[in-house]
Amino acid sequence: QVQLVESGGGLVQAGGSLRLSCAASGNISSFTSMGWHRQAPGKQRELVAGIGSRGGKHYADFAKGRFTISRNNAKNTMNLQMDSLKPEDTAVYYCNAYVRTTSQDYWGQGTQVSVSS
């Protein structure tokens, strides 16, 4: 069973930076894709950024130019570098992994990111 554990959340002032990490219990090279999603209070969960097994990346419009997603297959980790944070980035951030061959979706427990103005 794959387990994903996020870390790196916290409280930061607007304009600051945070680096989120997702540690996987399995071999992430077997994941078709991985990504970060977020959910703010009263809002639906939304995609922040995704990265494919070959390294292709995509970002939500609000993340472009400020956030950078990366993965390290050797360490079974995925990261999200978040710069120029805004109060509207406040949310619980979730790590996600998808395996196409089994159609299985895995989620972490989430890490809180709070940005003060």
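In this text, all values refer to a predicted model and were calculated from it rather than measured experimentally.

Participant: Can you tell me about the state of the cysteines, naming the residues and giving the values?
Facilitator: If you walk through the whole model with that rule in mind, you get one disulfide. Shown here is the disulfide that connects Cys22 with Cys95, its sulfur atoms set 2.0 Å apart. Between Cys22 and Cys95 the disulfide shows an S-S torsion of about -70°. By sign, it is left-handed. Placement of the pair is Cys22 in strand β3 (residues 18–24) and Cys95 in strand β9 (residues 91–99), with a sequence separation of 73 residues. Among the residues examined, Cys22 registers a relative accessible area of 0% and is labelled buried.

Participant: If you had to explain the nonpolar core to someone new, which residues and values would you point to?
Facilitator: By size, the foremost hydrophobic cluster in this structure holds 30 residues, and its most contacted members are Leu4, Phe31, Met34, Trp36, Leu80, Met82 and Tyr93. Excluding residues that lie within four positions of it along the chain, Met82 makes contacts with Gly16, Ser17, Leu18, Leu20, Arg66, Phe67, Tyr93 and Val113.

Participant: Quick rundown of the pairing of strand β7 (residues 67–72)? Include the residues and the values.
Facilitator: Where burial is concerned, the two faces of β7 differ: the one with Phe67, Ile69 and Arg71 is buried and the one with Thr68, Ser70 and Asn72 is not. Note that β7 and strand β8 (residues 77–82) share six bridges and pair antiparallel. Across the sheet, Thr68 pairs through a bridge with Gln81, a residue of β8. In this antiparallel pair of consecutive strands, β7 and β8, the connection spans four residues, and Asn76 shows a positive phi of 55°.

Participant: Explain the packing of aromatic side chains to me, and be specific about the residues and the numbers.
Facilitator: Counting across every chain of the model gives one aromatic pair. When the ring of Phe31 is compared with that of Tyr106, the centres are 6.5 Å apart and the planes differ by 35°; the resulting orientation is tilted. Of this pair, Phe31 sits in the loop between β3 and β4 (33–39) while Tyr106 sits in strand β10 (residues 104–107), and the two are 75 residues apart along the sequence. Of note, Arg38 hangs over the ring of Phe62, and the distance from its end group to the ring centre comes to 3.7 Å. Over the ring of Tyr94 we find Arg45; its NZ or CZ atom is 3.7 Å from the centre of that ring.

Criteria and thresholds
Residues numbered from 1 in each chain as written. Predicted model: local features only at pLDDT ≥ 70, side-chain atom pairs only at ≥ 80, totals over all residues. Heavy atoms only, no water. Disulfide = S-S within 2.5 Å. Helix = DSSP H or I, 4+ residues; strand = E, 2+ residues; numbered from the N terminus. Buried < 20%, exposed > 50% of the residue type's maximum accessible area, 1.4 Å probe, protein only. Core = buried A, V, L, I, M, F, W, Y, C linked by side-chain atoms within 4.5 Å. Contact = heavy atoms within 4.5 Å. Pairing = 2+ DSSP bridges. Phe/Tyr/Trp six-rings, centres within 6.5 Å; stacked < 30°, edge-to-face > 60°. Lys NZ or Arg CZ within 6 Å of the ring centre and 35° of its normal.

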